[in-house]
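# Coordinates in review
Listed here are the chains, written in short residue letters.
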Amino acid sequence: MKASRSVPSVVLAAGLALALLVSGCGRNMAEQPRLGAQQASPFFADGSGNRPLLEGTVSRERGGIDPVFFTGMGPDGLVSQLPIELSYELLQRGQERYDIFCSMCHGYTGEGDGMVVRRGFPRPASFHEQRLLDASVGYYFSAMTNGFGRMYSYASRIAPEDRWAIAAYVKALQLSQNATLDDLPNEVRRALELGDSEGRLP
Ligand code: HEC
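This write-up is about the structure you can find in this document.

The rules we used
- Residues numbered from 1 in each chain as written.
- Predicted model: local features only at pLDDT ≥ 70, side-chain atom pairs only at ≥ 80, totals over all residues.
- Heavy atoms only, no water.
- Donors = N, O, S within 2.8 Å, 3.2 Å for Na, K, Ca; no water.
- Buried < 20%, exposed > 50% of the residue type's maximum accessible area, 1.4 Å probe, protein only.
- Patch = residues over 30% accessible without salt bridge, like charges linked within 9 Å, V, L, I, M, F, W, Y side chains within 5 Å.
- Areas by Shrake-Rupley, 256 points an atom, 1.4 Å probe, with all protein chains shown as cover.
- Salt bridge = Lys/Arg side-chain N within 4 Å of Asp/Glu carboxyl O.
- Helix = DSSP H or I, 4+ residues; strand = E, 2+ residues; numbered from the N terminus.
- Near = heavy atom within 4 Å.
- Polar contact = N/O pair within 3.5 Å; in protein donor to acceptor, adjacent residues only side chain to side chain.
- 1 Å grid on protein atoms, 1.4 Å probe; cavity = no way out; pocket = protein on both sides within 12 Å on 5 of 7 lines; lining within 4 Å.
- Sits in = over half its atoms within 2 Å of the grid points.
- Axes fitted to C-alpha atoms, helices over the stretch in contact; angles between N-to-C directions.
- Parallel < 35°, antiparallel > 145°, perpendicular 65-115°, else oblique.
- Left-handed = near helix turned anticlockwise from the far one by under 90°.
- Contact = heavy atoms within 4.5 Å.
- Nonpolar A, V, L, I, M, F, W, Y, C, P; charged D, E, K, R; others polar.
- Points joined across faces, edges and corners; volume = space filled by probe spheres on them.

Coordination of the iron atom of the ligand by the protein comes from H106 (NE2) and M151 (SD), over a distance range of 2.0 Å. On the basis of relative accessibility, which here comes to 25%, the residue M151 falls in the partly exposed class.

Next up on the list: a nonpolar patch on the surface. Side chains of M104, V116 and F121 sit close together on the surface and give an oily, nonpolar patch of about 220 Å² of accessible area. Mapped onto the secondary structure, V116 falls in helix α5 (residues 115-118). We classify V116 as partly exposed; its relative accessible area is 33%.

A few words now on the site of the ligand. The local shell around the ligand holds 23 residues, among which C102, C105, H106, Y139 and M151 are the closest. Contact distances for the ligand include 2.6 Å between an oxygen atom and a side-chain N or O atom of R131. One of the backbone N or O atoms of R150 is found 2.9 Å from an oxygen atom in the ligand. At a threshold of 2 Å from the grid points, most atoms of the ligand map onto the largest pocket. For the shell around the ligand, the secondary structure elements donating two or more residues are α4 (103-106), α6 (130-134) and α7 (137-146).

Pairing is possible between side chains that carry opposite charge, provided their charged atoms lie close to one another. Scanning the model with the defined rule gives 7 salt bridges in all. A salt bridge links E193 to R189; its shortest N-O distance comes to 3.1 Å. Of this pair, E193 and R189 both sit in helix α9 (residues 186-194), separated by 4 residues, roughly a single helical turn. With a relative accessible area of 25%, R189 lands in the partly exposed category. Beyond isolated ion pairs, a larger network of salt bridges with shared partners links R93, E96, R97 and D162.

Bringing the packing of α7 against helix α8 (residues 160-177) into the picture now. One can describe the packing of α7 onto α8 by two numbers: an axis separation of 9 Å at closest approach and a directional angle of 130°. By the criterion of interaxial angle, the relationship of α7 to α8 is oblique. Our pair here, α7 against α8, has a crossing hand that is right-handed. Listed contacts from α8 to V137, G138, Y140, F141, M144 and T145 of α7 are P160, R163, W164, I166, A167, A168, V170, K171 and Q174. Partitioning the contact of α7 with α8 into residue classes produces 10 nonpolar, 3 polar and 2 charged.

What follows is about the layout of surface pockets. Taken as a whole, the largest pocket spans an internal volume of roughly 680 Å³. What lines the largest pocket is a set of 28 residues, and nearest its centre among them are H106, P124, F127, F148 and M151. At the level of elements, α3 (88-101), α4, α6, α7 and α8 are the ones that each hand at least two residues to the lining of the largest pocket. If you tally residues by element for the lining of the largest pocket, the top one is α7, at 4 residues.

Function cannot be inferred from these measures alone, as they are strictly geometric.
What follows is the structure, given as C-alpha cells:
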C-alpha cells in the first residue's frame, strides 16, 4: 500500500520541478527596465536618459584626437600633406570609392562630365583647370566633408579615411591627366618608346 502511494508523489514532485523549470526563469532577464534613445529619465538630475560624453573622451576611430584627420585643417589652413600614409593600396581604394561616389558627376577622369551632368545636373568645374590643380589635398577632403555649393556633404556617407583615399586619388588623377613622358620612370618610358601602344616590348 505504502509503495503504491509513493509513486504518485514522485510523479507529483517531478511535475512540480518541471513546472518550476519552465516558468521559474520568467522573462525578467530578457525584459529589464531600460531607457530608449532620447528618452527622458527622472533618475538623473537633468531629466535626460542620454548621458553626455565625459570630458576628455577620445574617439576610437583612426586618427584619435588629431583634428587634421577629421577636418583637413592644420594651424595654417587646409593641409597639403596627407595625414595618413600614402600607399598604392590607398590610391586603389580611393579610385574605387571615387568611381562609386563621385564619377557620376565629376566623370571618371575628373573633367566634370559624368552621366548625371550629361542628363542635366549643374556641371562642376574640371579638376584639371589650374585653380583646382593648385588646390591642396586638404581642399578636396574639406569639399567632401563640408559639401561645396550645390554639392552636398559626404561626411555621413564616406568615412574620413576613405575621404582621404579619394582626395589622394584625385591628386593622382590630376597628375595622370597632365603628365608628360618625362614624368614616367625610365623603364616605363623606354617600354612606351620602344614597344607597341600597350607598352609591350617587341
Ligand atoms: C550629384 C553630383 C555630384 C557628385 C556625386 C559629387 N559632386 Fe562634387 N560637385 C558637384 C557640383 C555640381 C559642384 C559645384 C557646386 C557649385 O559650384 O555650386 C561640385 C564641386 C566639387 C568640388 C569643388 C570644386 C571647385 O570648383 O572648387 C570638389 C573638390 C568636389 N566637388 C569633389 C567631389 C568628390 C571628391 C566627390 C565624391 C566623393 C564629389 N564631388 C561628388 C557635383 C557632384
